[in-house]
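Residue strings, one per chain:
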There are 2 protein chains.
Amino acid sequence: MAQRAGVSIGTASKALNGRGNLRAETRARVLRAADALGFEPNALARSLLAGRSFTVGLLTADSFGRFSIPVLLGAEDALGEGRVSVFLCDVRGDPEREHRYLRTLLSRRVDGIIVTGRRVDPRPPVSKDLPVPVVYAMTQSEDRQDLSVLPDDEGGGYLAGEHLVAIGRLKIGHITGPERFACSRRRANGAITALAEADLQLAGGEVLFGEWSEGWGREAAASLLEREPATDAIFCGSDQIARGVADHLRETGRRVPDDVALVGFDNWDVMAESCRPPLSTVDPNLTELGRVAARELLAAIEGGSTGGVRTVAANLCVRQSTSALAGPLAGAETSLGLPAG
Amino acid sequence: MAQRAGVSIGTASKALNGRGNLRAETRARVLRAADALGFEPNALARSLLAGRSFTVGLLTADSFGRFSIPVLLGAEDALGEGRVSVFLCDVRGDPEREHRYLRTLLSRRVDGIIVTGRRVDPRPPVSKDLPVPVVYAMTQSEDRQDLSVLPDDEGGGYLAGEHLVAIGRLKIGHITGPERFACSRRRANGAITALAEADLQLAGGEVLFGEWSEGWGREAAASLLEREPATDAIFCGSDQIARGVADHLRETGRRVPDDVALVGFDNWDVMAESCRPPLSTVDPNLTELGRVAARELLAAIEGGSTGGVRTVAANLCVRQSTSALAGPLAGAETSLGLPAG
C-alpha cells in the first residue's frame, strides 16, 4: 500500500494512525491507496498492537451550541483524517453528567479527551490525574499546566479597528456584549489598540458594553449617535448586535457604509448575509480551532504534550457594510483578499 | 444496586443497558444508585458478556448543520441514558467519506447506526446487507423496508393554519421555500387543509413558493399584499422567511399582529426571538425526533425492528406576532399553553 501511494512505510503508518505532521495531500493519498486495497485493520487488533484504542472523547462543558458546533466539527475532521473515532458527550451543563461521561470514556479506554464549551471564565480542570491527555478548546482550564486552545479575540478586534481606519473612518464607535465576558473586553482592547496606532480614540469616548442581542444593538446605536452624531463607523462585538445597529441606521435614514461603516464579529453566515447590507465581520475560525485542538491532542497522545494557552488567528471577511466605498481608499479592502463566507 | 435503587434486578439491568421502556425517573434512580456504588462495568467485559459493544454510529448524509444538530443532540441524549456511546461521523456530503466511515464503524463493531441529514428527496440506503440495524432520522431511505423518522411537516402546517383561523383571520396567505422540497409542499398542504375546514382559501389564490431567505420573505410579502391588500395573516414556511415578511410589514406601516398576524416554521430561537415582534412559529421538535430515532434503534438492536416511516408531531409556539389581539377570540391562544422557547 505504501508502494501504491508512493510513500515510505513509515509515512503510510503515520497517515493511517493519524500521527506525524504530514501534508494533507500525502495523508489523503495514503488513505485512498488503503481504501483501494480494501485495507481496514480490525479496530480491536489495531488497538491491541498499538496499546491505543484510536478513540477520543469530545466533551462539552456546557452544551453543544452555535459556537461549540464548529469546534466539534473541526476536531472530528482532523481526528477522522487520522482514523481516530470520536465519542460525542454532551454534558448539558450538568456536573454529575460530566463525571459520568468521564468515567464512561475512561472505561472505553479512550486515548485522550477534548473539552469544549463557552464559558465566561476559565473552568476547573475536568479531573486531576487523568490517565490520558486532555486539551481544552474554546474554554480555558484554570490549571496553566493544561493546554487550552482559544480564539484570538484581541487580534480579531484589532483587525476590525485596523480595517475601519484603513477605509478612512475617523469617528469609530464600539458596541459589544457584557463587560464580564473576557471576550468582550479582549475584542474591545484589540480595536482600541488599532485606533490608538492611528492616533484615534473611540467615538463616544468609551466602549458601550451591554447584551449579545439585536435589541441592544438598536438601543446602543441610538445612544452612540446622540452622543457623537458624526460617528462614521461602528465595530460590534457580535453579528447579532451589528444587525440591530444596521436596522437602527436604516430606520433613521443613515446609509451603510456611505454614512456609517459597520463591522461585526463571528462571521455567523445566516446573520451576516441577511444583514442589510451584508455584513463585514471578523471570523474567529472556530472550525480551525477545533482542528488545532485535535492535532494538539494527537501530539499529546504521542507524548509531545505542552501546557499553556494557544490562540488561533481570526481573519476579516469583507462584505458590503464596509466595501461599497468610492474614493482613493477603496483599494484597501480588496488587498485583504478574503472569501465572502 | 437494584436494592439501593428500589427496583428489580431486571429493571436495573434494563436501565444500565439502555433497554426496555422505563420511565425516565426510574432509569435516573438506577443510574444514580450505580454511580453512588461506583458501579462501572468495564466496557470491554460488558461487551464480551453481552455480545454488544454498546456503541452506535451517528452519521450525517450531508454535514451537521442547523437542522441536524438538534437531532444529533436528542439521539445522543437518549443513547447516553442507556450508557450507549455515540461515534460522531460527519460525512460532509462526500460519498467516499461515507463509505470509509461505514467501514470504520463496522470495524469498531457498533451495534447500530443512525443516519441523519437534510435532503430534498429520499436517499439511497447507506448500504445493503449491513450486519447491524440502521435508522434514518430527518432523512428518508428509498427502501421502504428501512425505518425513517421524519418531522410531521403536514401536521405542523395544519397547526399554523388552524391557529390563524382560531384567532379570527380570514385572508391568510402562505409564503414558503422552493416547491421542489417535499417539506415545503407538505407544510402548504397542511395549512390549506386547515383553511378548507373553515371554508377558507389561500389569500392571493396560491402558495408563494420561492427561497428559504429573508429577501424572499420581503419580496413575496410585497407581491402578496399587492394581489390581496386585505390579507390579515401570513403563514411562512420558515422563520427566516417570516422575518423578512415582518420587516416588510413594519417598513410599509402595517402593524403585526393587529393588521397582519404572522406565523413562522422551525422555532429557531435566535430568529424567532429577534423578530419584531417576536414570532409565533411551528416547532418541529427535532431534538425529540433524535430521541425517537435513538429509541427505535435500541429497539431494533434488541430485535424489535420495523420498517416504514414514523413521524414526530410538531407543536405551536405562540409569541406576540399572533397573540397581542384584543377581542372575543383572544382566549384561543392561551389554551395552547405552550412554552415560549
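The rules behind these values
- Residues numbered from 1 in each chain as written.
- Chains lettered and ligands numbered in written order.
- Predicted model: local features only at pLDDT ≥ 70, side-chain atom pairs only at ≥ 80, totals over all residues.
- Helix = DSSP H or I, 4+ residues; strand = E, 2+ residues; numbered from the N terminus.
- Buried ≥ 20, exposed ≤ 12 C-beta atoms within 10 Å, placed from the backbone.
- Contact = placed C-beta atoms within 7 Å.
- Pairing = 2+ DSSP bridges.
- Axes fitted to C-alpha atoms, helices over the stretch in contact; angles between N-to-C directions.
- Expected span 1.5 Å × (residues − 1).
- Parallel < 35°, antiparallel > 145°, perpendicular 65-115°, else oblique.
- Left-handed = near helix turned anticlockwise from the far one by under 90°.
- Nonpolar A, V, L, I, M, F, W, Y, C, P; charged D, E, K, R; others polar.
- Core = buried A, V, L, I, M, F, W, Y, C linked by C-beta atoms within 7 Å.
- Right-handed = clockwise from strand over helix to strand, strands pointing away.
- pLDDT = per-residue confidence, 0-100.

J.: What is the right way to read the overall build of chain A from this model?
T.: If you tally the helices and strands in chain A, you get 14 helices and twelve strands. A total of 341 residues make up chain A; the buried ones form 52% of that total. Partitioning the contacts of chain A with sequence separation of at least 6, the portion at a separation of at least 24 is 71%.

J.: Looking at this structure, I do not really get the sheet that holds strand 10 (residues 280-283) of chain B. What am I missing?
T.: Strand pairing in a sheet takes place through backbone hydrogen bonds and is either antiparallel or parallel in direction. All names here are of chain B. Strands sit in the order 7-6-8-9-10-12 across an open sheet of six strands; the sheet is mixed. A strand with exactly one partner marks an edge of an open sheet, and here the two such strands are strand 7 (208-209) and strand 12 (315-317). Bridge count for strand 8 (residues 233-236) against strand 9 (residues 261-265) is three bridges, and the pairing is parallel. When the bridges of strand 9 are listed, phenylalanine 235 appears paired with valine 263. Contacts from helix 7 (residues 153-166) reach strand 6 (172-176), strand 8, strand 9, strand 10 and strand 12 within the one sheet, and its direction differs from that of strand 9 by about 170 degrees. Sheet strands touched by helix 8 (residues 182-197): strand 6, strand 7, strand 8 and strand 9. Its angle to strand 6, the strand with the most contacts, is close to 175 degrees.

J.: Even after reading the chapter, I still don't get the sheet that holds strand 4 (residues 134-137) of chain B, so can you show me in this structure?
T.: Strand order in the open sheet formed by twelve strands is 11(A)-5(A)-4(A)-3(A)-1(A)-2(A)-2(B)-1(B)-3(B)-4(B)-5(B)-11(B), with mixed pairing between adjacent strands. The strands lining the two open edges of the sheet, one partner per strand, are strand 11 (308-312) of chain A together with strand 11 (308-312) of chain B. Adjacent strand axes in the sheet meet at a mean angle of 25 degrees, parallel and antiparallel pairs treated alike. In this structure, strand 5 (residues 147-151) of chain A lies alongside strand 11 of chain A, joined through five bridges in parallel fashion. Residue pairing across strands places proline 151 of chain A opposite valine 312 of chain A, the latter belonging to strand 11 of chain A.

J.: Whenever I open this one, helix 9 (residues 214-227) of chain B confuses me. Can you help?
T.: One turn of the α-helix equals 3.6 residues, which is why residues spaced by three or four share an orientation. An ideal rise of 1.5 Å per residue puts 20 Å on 14 residues; helix 9 of chain B measures up with 20 Å between its terminal C-alpha atoms. Looking at helix 9 of chain B, one finds that the buried residues are Glu214, Trp216, Gly217, Arg218, Ala220, Ala221, Leu224 and Leu225 of chain B. Buried positions along helix 9 of chain B lie against helix 11 (269-274) of chain A together with strand 6, strand 7, strand 8 and helix 10 (239-251) of chain B.

J.: How do you make sense of the packing of helix 9 (residues 214-227) of chain A against helix 10 (residues 239-251) of chain A when you look at a structure like this?
T.: A packed helix pair is summarised by two numbers, namely the angle formed by the two axes and the spacing between the axes. Residues and elements named next belong to chain A. At a closest axis distance of 6 Å, the pairing of helix 9 and helix 10 adopts a crossing angle of 50 degrees. Classed by the angle they form, the pair helix 9 and helix 10 counts as oblique. Pair helix 9 / helix 10 crosses with right-handed handedness. Touching Glu214, Gly215, Trp216, Gly217, Arg218, Ala221 and Ala222 of helix 9 are Gln240, Ile241, Ala242, Arg243, Gly244, Val245, Asp247, His248 and Leu249, all from helix 10. Partitioning the contact of helix 9 with helix 10 into residue classes produces seven nonpolar, five polar and four charged.

J.: When you look at the environment of glycine 244 of chain A in this model, what are you seeing that I'm missing?
T.: Residue and element names in this part refer to chain A. Positionally, glycine 244 belongs in helix 10. On the neighbour-count criterion, glycine 244 (24 C-beta atoms within 10 Å) is buried. Separated by 52 residues in sequence, glycine 244 and glutamate 296 place their C-alpha atoms 38 Å apart. When sequence neighbours within four positions are dropped, the list of residues in contact with glycine 244 reads Ser213, Glu214, Gly215, Trp216, Gly217 and Arg218.

J.: I tried to follow helix 5 (residues 68-81) of chain B on my own but got confused; where do I start?
T.: Residue and element names in this part refer to chain B. The first and last C-alpha atoms of helix 5 sit 20 Å apart over 14 residues, in line with the 20 Å expected at 1.5 Å per residue. Burial analysis of helix 5 places eleven of its 14 residues in the buried class, the great majority of the element. Taken as a whole, helix 5 has its buried residues at Ser68, Ile69, Val71, Leu72, Leu73, Gly74, Ala75, Glu76, Ala78, Leu79 and Gly80.

J.: For this particular structure, what's the right way to read the pairing of strand 1 (residues 55-60) of chain B?
T.: Remember that side chains alternate between the two faces of the sheet whenever the strand is regular. Residue and element names in this part refer to chain B. Taken across its six residues, strand 1 has six buried, putting it largely inside the fold. A two-sided burial pattern is seen for strand 1, the buried positions comprising Thr55, Gly57 and Leu59 on one face and Val56, Leu58 and Thr60 on the other. Relative to strand 2 (residues 85-90), strand 1 is paired through six bridges, and the arrangement is parallel. If you follow threonine 55 over to strand 2, its bridge partner there is serine 85. In the sheet, strand 1 pairs with strand 3 (residues 112-116) via five bridges, with the strands oriented parallel. Residue leucine 58 lies in a different strand from strand 3, and its bridge partner there is isoleucine 114.

J.: Would you mind going over the nonpolar core with me for this structure?
T.: Nonpolar side chains in soluble globular proteins generally cluster together in the buried interior. Judged by nonpolar contacts, the single largest core of 86 residues is most densely connected at Ile114 and Ala137 of chain A together with Ile114 and Ala137 of chain B. Beyond its immediate chain neighbours, meaning those up to four positions away, alanine 137 of chain B contacts Val71, Ala75, Ile114, Val115, Thr116, Val149, Leu289, Gly290 and Ala293 of chain B.

J.: Whenever I open this one, unusual backbone geometry confuses me. Can you help?
T.: Working note: non-glycine residues mostly have negative phi, and peptide bonds are mostly trans. In this structure, the amide linkage connecting valine 256 of chain B to the following residue, proline 257 of chain B, adopts the cis form with an omega of 5 degrees. Of note, proline 257 of chain B is situated in the loop between helix 10 and strand 9. Cis geometry marks the peptide bond from arginine 276 of chain B to proline 277 of chain B, where omega comes out at -5 degrees. Counting through the fold element by element, proline 277 of chain B comes out in the loop between helix 11 (269-274) and strand 10. Of note in the backbone geometry, arginine 109 of chain A takes a positive phi value of approximately 60 degrees without being a glycine. In this fold, arginine 109 of chain A is placed in the loop between helix 6 (95-107) and strand 3 (112-116). Judged by C-beta crowding, with 16 C-beta atoms within 10 Å, arginine 109 of chain A ranks as partly exposed.

J.: Teacher, can you tell me more about the pairing of strand 8 of chain B here?
T.: Residue and element names in this part refer to chain B. Of the two faces of strand 8, the one holding Ala233 and Phe235 and the one holding Ile234 and Cys236 are both buried throughout. Relative to strand 8, strand 6 runs parallel, the two sharing four bridges. Considered in strand 8, the bridge of histidine 174 is made with phenylalanine 235. As a crossover connection, the stretch from strand 8 through helix 10 into strand 9 is right-handed.

J.: Which parts of the structure should I look at to understand the environment of serine 223 of chain B?
T.: Its location among the elements puts serine 223 of chain B in helix 9. Separated by 15 residues in the primary sequence, serine 223 of chain B and leucine 208 of chain B place their C-alpha atoms 9.3 Å from one another.

J.: Before we go on, may I ask you to explain the confidence of the model for chain A in this structure?
T.: Do not read the predicted coordinates in detail wherever pLDDT is low. Residue and element names in this part refer to chain A. Mean pLDDT over chain A: 85, with 79% of residues reaching 70 or higher. This model gives residues 326-341 a pLDDT under 50, and the stretch forms 21 contacts once residues within four places in sequence are excluded. Prediction confidence for the complex, expressed as pTM and ipTM, is 0.80 and 0.77 respectively.

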